Amino acid sequence: MKQTAPAAMRNRDPILSVLAQLFPTPGVVLEIGSGTGEHAVHFARVLPHLTWQPSDVEPGALASITAWRDEAALPNLRAPIVLDVLREPWPIDHADGIVSINLVHIAPWEATIALFAGAARLLAPSRIVYLYGPFRFGGAFTAPSNEAFDRSLRARDPRWGVRDVDAIADAARAAGFALDGMFAMPANNHSIVFRRS
């Protein structure tokens, strides 16, 4: 059953412009938390040199990703895998990069730590973890809308919330990743890039 997310349509091309810079050569990109699957189809279609591996933990999302993939019939878009970053081992033995869009704020903090720990096991040196979403910088929100979003997230689940880039960088560093770049994106979002040391 195909699902759609209006935000996915709005943010896919700004994200694509960054991904095209980060992944210029052929390789396998693991997308963690692929949601509806719309991003996976779009990125695989426009970046045919990449093999795109979508994943999610929610059955509804996995069904939607499968439906979008079946319709698109792209040779470089793999079937989705069930991947919970908190459960080891991950069901994939090779990737050349990891992309995670709008995940770290809609998950417990332990998921961010586990994401980098898993990435350290999976990725070779110099490979990239790319995060997209709303973030705080030095404890401060970049816009009132992000502060309101943070309150709504914490009301739904106290373990959720807009994460601070400094805290994420500390978690990344502990797993062997260095902050490699940041890009301001539309709607008060950012692209954050970490590279394995």
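Residues numbered from 1 in each chain as written. Predicted model: local features only at pLDDT ≥ 70, side-chain atom pairs only at ≥ 80, totals over all residues. Heavy atoms only, no water.

## Details of the environment of Pro186
Here's step 1: Turning to its location among the elements, Pro186 is positioned in the loop between strand 9 (177–185) and strand 10 (189–196).
Here's step 2: The exposure class assigned to Pro186 is partly exposed, which follows from its relative accessible area of 47%.
Here's step 3: As a C-alpha pair, Pro186 and Asn11 span 175 residues in sequence and 7.5 Å in three-dimensional space.
Here's step 4: Excluding its chain neighbours within four sequence positions, the residues that come into contact with Pro186 are Pro14 and Tyr132. (Helix = DSSP H or I, 4+ residues; strand = E, 2+ residues; numbered from the N terminus. Buried < 20%, exposed > 50% of the residue type's maximum accessible area, 1.4 Å probe, protein only. Contact = heavy atoms within 4.5 Å.)

## Concerning the side chain of Asp96
Here's step 1: Tracing the backbone through its elements, the reader meets Asp96 in the loop between strand 3 (81–82) and strand 4 (97–101).
Here's step 2: At 3.4 Å, the side chain of Asp96 and the side chain of Arg127 are in polar contact.
Here's step 3: When near neighbours in sequence (up to four residues on either side) are disregarded, Asp96 contacts Phe23, Gly27, Val28, Leu123, Arg127 and Ile128. (Polar contact = N/O pair within 3.5 Å; in protein donor to acceptor, adjacent residues only side chain to side chain.)

## As for the sheet that holds strand 1 (residues 27–31)
Within a sheet, adjacent strands bond to each other through the backbone by hydrogen bonds, running parallel or antiparallel.
Here's step 1: Taken in spatial order, the seven strands line up as 3-2-1-4-5-10-9 in an open sheet, and their pairing is mixed. On the outer flanks of this sheet lie strand 3 and strand 9, each paired with one strand and no other.
Here's step 2: In the packing of helix 2 (residues 38–46) onto the sheet, the strands contacted are strand 1, strand 2 (50–56) and strand 4, and the crossing angle to strand 2 comes to about 175°.
Here's step 3: Here helix 6 (residues 165–174) sits on the sheet and contacts strand 5 (128–133), strand 9 and strand 10; the angle it forms with strand 10, its principal contact strand, is near 20°. (Pairing = 2+ DSSP bridges. Axes fitted to C-alpha atoms, helices over the stretch in contact; angles between N-to-C directions.)

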